[in-house]
Amino acid sequence: MKNTVIKIGGSLLFTDDKEIDKKKIHNFCQIFKKMEYPGSIVIVCGGGKIAREYINAVRSFHGSEALCDTFGIYLSRLNSKLLISSFQDFAYPLVPKSIEELSIALLFGKIIVMGGLQPGQSTTSVALEVAEFIKANELVILTDVKGIYDKDPKKFEDAKLLKTLTYEKLQKLILNSSGDKQAAAGEYRIFDAVSLQILKRSNIDVRIMSGEDLKEFEKYWNGEENISYTIITNE
Ligand code: UTP
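Notes on the structure in this doc start here. Given the structure is predicted, the values throughout are model-derived calculations rather than measurements.

Lining the immediate environment of the ligand, one finds 24 residues, of which Lys7, Gly10, Ser11, Asp69 and Thr123 sit closest. A distance of 2.4 Å separates an oxygen atom of the ligand from a polar atom in the side chain of Ser11. Measuring from an oxygen atom of the ligand, one finds a side-chain N or O atom of Thr123 at 2.4 Å. Here the ligand, which alone exposes 590 Å², has 90% of that area covered by the protein.

Here we take up the packing of aromatic side chains. Enumeration over the complete set of coordinates arrives at 10 aromatic pairs. Ring geometry for Tyr220 and Tyr229: centres 5.9 Å apart, planes at 80 degrees, overall edge-to-face. There is no split in this pair, since Tyr220 and Tyr229 are both buried. Joined through ring pairs, the aromatic side chains of Phe28, Phe32, Tyr37, Phe87, Phe217 and Trp221 make up one cluster. The ring of Phe156 has Lys151 lying over it, and the distance from NZ or CZ to the ring centre is 5.4 Å.

Turning our eyes to something else, we now look at the packing of helix H1 (residues 22-33) against helix H8 (residues 214-221). Look at H1 against H8: their axes get within 10 Å of each other, and the N-to-C directions meet at 5 degrees. Overall, the two elements H1 and H8 adopt an arrangement that is roughly parallel. Listed contacts from H8 to Lys24, Asn27, Phe28, Ile31 and Phe32 of H1 are Leu214, Phe217, Glu218 and Trp221. Its residues assigned to classes, the contact of H1 with H8 shows six nonpolar, one polar and two charged.

Summed over all chains, the structure comprises 11 salt bridges. Here Lys18 and Glu53 are joined by a salt bridge, their closest N and O atoms 2.4 Å apart. Pair noted here: Lys18 is in the loop between strand E1 (4-8) and H1 and Glu53 is in helix H2 (residues 48-60), with a separation of 35 residues, a long-range link. Looking at Lys18, the relative accessible area reads 38%, which means it is partly exposed. Taking relative accessible area as the criterion, Glu53 reaches 41% and is therefore assigned partly exposed.

Judged by nonpolar contacts, the single largest core of 62 residues is most densely connected at Phe32, Ile43, Phe191 and Phe217. Phe217 has contacts with Ile6, Phe28, Ile31, Phe32, Val140, Leu142 and Met209, leaving out every residue within four places of it along the chain.

A few words on the sheet that holds E1. What the seven strands build is an open sheet, ordered E3-E2-E1-E4-E6-E7-E5; its pairing is mixed. Looking at the sheet topology across the chains shown, the edges are occupied by strand E3 (112-114) and strand E5 (164-166). Between one strand axis and the next, the sheet turns by 20 degrees as a mean value, whatever way the strands run. Across three bridges, the pairing between strand E2 (residues 41-45) and E3 is parallel. Looking at E3, one finds that Ile43 is bridged to Val113.

Thresholds applied
- By convention here, each chain's residues receive numbers from 1 onward along its written sequence.
- Given that this is a predicted model, residues contribute local features only at a pLDDT of at least 70 and side-chain atom pairs are listed and counted only at 80 or more, while totals for whole chains, interfaces and linings are drawn from all residues.
- Side-chain calculation: all heavy atoms of the structure are included, whereas hydrogens and water are not.
- Any residue with a heavy atom lying within 4 Å of a molecule or strand is counted as near it.
- Think of a polar contact as two N or O atoms within 3.5 Å of one another; within protein, one of them needs to be a possible hydrogen donor and the other a possible acceptor, and neighboring residues in sequence only count if both atoms come from side chains.
- What sets the accessible areas is the Shrake-Rupley method with a 1.4 Å probe; for residues, cover comes only from the shown protein chains.
- The criterion for an aromatic pair is that two Phe, Tyr or Trp rings (for Trp, the six-membered ring) have centres within 6.5 Å, with stacked assigned to planes under 30 degrees apart, edge-to-face to planes over 60 apart and tilted to the rest.
- Think of it in three bands: residues with accessible area under 20% of the maximum for their type are buried, residues over 50% are exposed, and the middle band is partly exposed, with areas taken using a 1.4 Å probe on protein chains only.
- Charge over a ring is defined by NZ of Lys or CZ of Arg lying within 6 Å of the ring centre and within 35 degrees of the ring normal.
- For every element, the axis is a line fit to its C-alpha atoms; helices are fit only across the contacting stretch, and the angle between N-to-C directions ranges from 0 to 180 degrees.
- Each helix corresponds to a stretch of at least 4 residues labelled H or I by DSSP, and each strand to a stretch of at least 2 residues labelled E; elements are numbered beginning at the N terminus.
- Small angles under 35 degrees read as roughly parallel and large ones over 145 as roughly antiparallel, with 65 to 115 read as roughly perpendicular and the rest as oblique.
- In this description, contact between two residues means that some pair of their heavy atoms is separated by no more than 4.5 Å.
- Classification used: nonpolar for Ala, Val, Leu, Ile, Met, Phe, Trp, Tyr, Cys and Pro, charged for Asp, Glu, Lys and Arg, polar for all others including Gly.
- Any Lys or Arg side-chain nitrogen located within 4 Å of an Asp or Glu carboxyl oxygen qualifies as a salt bridge.
- The term nonpolar core refers to a set of buried residues drawn from Ala, Val, Leu, Ile, Met, Phe, Trp, Tyr and Cys, joined through side-chain atoms within 4.5 Å.
- Between any two strands, at least two bridges found by DSSP are needed for them to pair.

Following this line, the structure appears as structure tokens:
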């Protein structure tokens, strides 16, 4: 039995023009449909750019950060529902809204797609909570860069991809790079503080790789080697 959690950043589901990337969603679902999997698969979907638009609007109305977070949660659930519609019968039809609802969904043996759970965290934290709950062998985080870098690759051309990271090194990196905005709605980074705490107690191997080009993830899913990613482990 091999249980896997995959987190897909919401931004990956949209084109630069904020249109739904139907082809990519279709291709993503096809990767899982192609082969029988000997365990549970839970996909955790993020909110993406549209969530951030809503969050910015609510913030401009002086809504609290917790209220902004709830918009992120709704949008991540809507994105999840979109993936479910593409999976058709392969996926459990409802989006679990709690770990308890997830435990019921797991009984059906289908792919489960879910979004946020409660304010104050990111969908990466959800992915870790789920991975801990289902005793996942691995967690794969698909994002818009190739993994974790020593500095922001979108700002620094000389940023280096870190191939391996221990929990301790990751903690240092988060502390050094996180400004005040790190824990604001819509601004949680690839790894936020809540995610780090769960990671430390649950001992899960986490791979962070690009989901821009699904060919890379497909190769990984099919057991091929030579894929660039960051692996975070306890040693
Ligand atoms: P994420 O920030 O996790 O989405 O969730 P994302 O798609 O991974 O982000 P990008 O686009 O790839 O960068 C969207 C927002 O939803 C709220 C937070 O405000 C978060 O920033 N959220 C999500 C919660 O409050 N609780 C959750 O459990 C999950």
